[in-house]
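# Overview (structure and organization)
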Amino acid sequence: GLAMGIVRRSDKNTKFAHSTGYTLVYIFLFLLVIQGFLLQGFRLAFDGNAPDKTWAFFGTLFSFLYPKDMNPQTANQIYTGLWYFHMLTTMGFIASLPYTRAMHIVTSILNLYTLRLEPTVMLAKMNFEDEHAEYFGARSITDFSWKDLLSFDSCTECRRCTDICPANAVGKPLDPREVILKMRDSMLVESQFPKNGNKETTYFYENEKITHDEIWACTNCGGCVNECPVGIDQLRAIMQLKRYQTL
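Before going into details, it helps to say that this report is about the structure given with it.

For Val225, the position within the fold is in helix H11 (residues 223-227). The class of Val225 is buried, set by a relative accessible area of 14%. Between the C-alpha atom of Val225 and that of Leu235, which follows or precedes it by 10 residues, the distance is 6.7 Å.

What follows concerns helix H5 (residues 104-113). Among the residues of H5, those classed as buried are Thr107, Ser108 and Asn111. Here the buried residues of H5 occupy an arc of 100° about the axis, which is enough to place them on one side. Structural note: H5 exposes Ile109 and Tyr113 on the side pointing more than 90 degrees away from its buried face. At its buried positions, H5 is contacted by helix H6 (146-152).

Enumeration over the complete set of coordinates arrives at 2 cavities of 30 Å³ or more. A volume near 80 Å³ is recorded for the largest cavity. What lines the largest cavity is a set of 13 residues, and nearest its centre among them are Cys165, Leu174, Cys218, Cys221 and Cys224. Listing elements by their share of the lining of the largest cavity, those giving two or more residues are helix H8 (166-169) and helix H12 (234-246). For the lining of the largest cavity, the per-class residue count stands at 10 nonpolar, 3 polar and no charged. Forming the walls of the second largest cavity are Cys155, Thr156, Glu157, Cys158, Arg159, Cys161, Arg177, Cys228, Pro229, Val230, Ile232 and Gln234. Residue composition of the lining of the second largest cavity, by class: 7 nonpolar, 2 polar and 3 charged.

Moving on: H12. If you check H12, its first and last C-alpha atoms are 19 Å apart, about what 13 residues at 1.5 Å a residue would give, namely 18 Å. Among the residues of H12, those classed as buried are Gln234, Leu235, Arg236, Ala237, Ile238, Met239, Gln240, Leu241, Lys242, Arg243 and Tyr244.

So, on to the side chain of Ser151. Tracing the chain through its elements places Ser151 in helix H6. Ser151 gets classed as buried once you look at its relative accessible area, which sits at 4%.

Looking now at the nonpolar core. Phe144, Phe152, Leu174, Val179, Met183 and Leu241 are the most contacted members of the largest nonpolar core, which totals 31 residues. Secondary structure elements with two or more residues in this core: helix H9 (176-192), H11 and H12. If we skip the residues at most four places from it in the chain, Phe152 touches Ile141, Phe144, Ile180, Met183, Arg184, Met187 and Ala237. Grouped together as the second largest cluster of nonpolar side chains are 9 residues, Leu39, Ala45, Met70 and Ala75 included.

Enumeration according to the criterion identifies 6 salt bridges in this entry. Note that Asp148 and Arg116 form a salt bridge whose closest N and O atoms lie 3.2 Å from each other. Within this pair, whereas Asp148 is found in helix H6, its partner Arg116 is found in the loop between H5 and H6, the two being separated by 32 residues in sequence. Given the relative accessible area of 8%, Asp148 is considered buried. Residue Arg116 is classed as partly exposed on the basis of its relative accessible area, which comes to 23%. Between Arg184 and Asp185 there is a salt bridge, and its shortest N-O distance comes to 3.5 Å.

What counts, and where the lines are drawn
- Residues numbered from 1 in each chain as written.
- Predicted model: local features only at pLDDT ≥ 70, side-chain atom pairs only at ≥ 80, totals over all residues.
- Heavy atoms only, no water.
- Helix = DSSP H or I, 4+ residues; strand = E, 2+ residues; numbered from the N terminus.
- Buried < 20%, exposed > 50% of the residue type's maximum accessible area, 1.4 Å probe, protein only.
- Arc of directions from axis to C-beta.
- Contact = heavy atoms within 4.5 Å.
- 1 Å grid on protein atoms, 1.4 Å probe; cavity = no way out; pocket = protein on both sides within 12 Å on 5 of 7 lines; lining within 4 Å.
- Points joined across faces, edges and corners; volume = space filled by probe spheres on them.
- Nonpolar A, V, L, I, M, F, W, Y, C, P; charged D, E, K, R; others polar.
- Expected span 1.5 Å × (residues − 1).
- Core = buried A, V, L, I, M, F, W, Y, C linked by side-chain atoms within 4.5 Å.
- Salt bridge = Lys/Arg side-chain N within 4 Å of Asp/Glu carboxyl O.

It is worth stressing that arrangement in space is one thing and function is another; only the former is reported here.
Here's what the structure looks like:
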């Protein structure tokens, strides 16, 4: 799976994002896998009666790296060193989660757990009796609910929503994944630099973060919502953006 991910990310034709965060994730995962095989190989090298020796193929291969005549003191030092290295790598990987795209490991679980149970076509309610409302729909990232923000941060960038989108398939400017990623990036900017002294800097249309053409290319088919593996409701978000333009 790790090799498939690296190959897929390296293919420029798939239009996947390439960043330091993804490189760091793959380095951590590669180290954890190798360390696991090294520890398993060490155990199999000195435990001839290990019950998993017959099916631990990679562990058996790694066991040949260790000399059979190693003295107990040296073996204990090597094994302890491997375990500490493995522990530090694991802790480093966990600490790096908020700063890499591996964060979706956490956010996607929460997003699925809090998944809305109503039908996909059921949109967010609007209070037309609110006398203080200056507009309806979403003008900036602050107009979305906490559930919407959680779903934006859960995106794995797998492109399944884009691949299933009929508008994107016929060459229209809509790319559901890019819409979600734009809103996710706006959310991160808003959290780090709140309002930046000028509230209008966070507006989607006024700053051309979201364009009129890409939003109105959506056919409201809901295919992206049904295809998303982590429960993101792209249609609901797009409809909120449409509402701001029409209402």
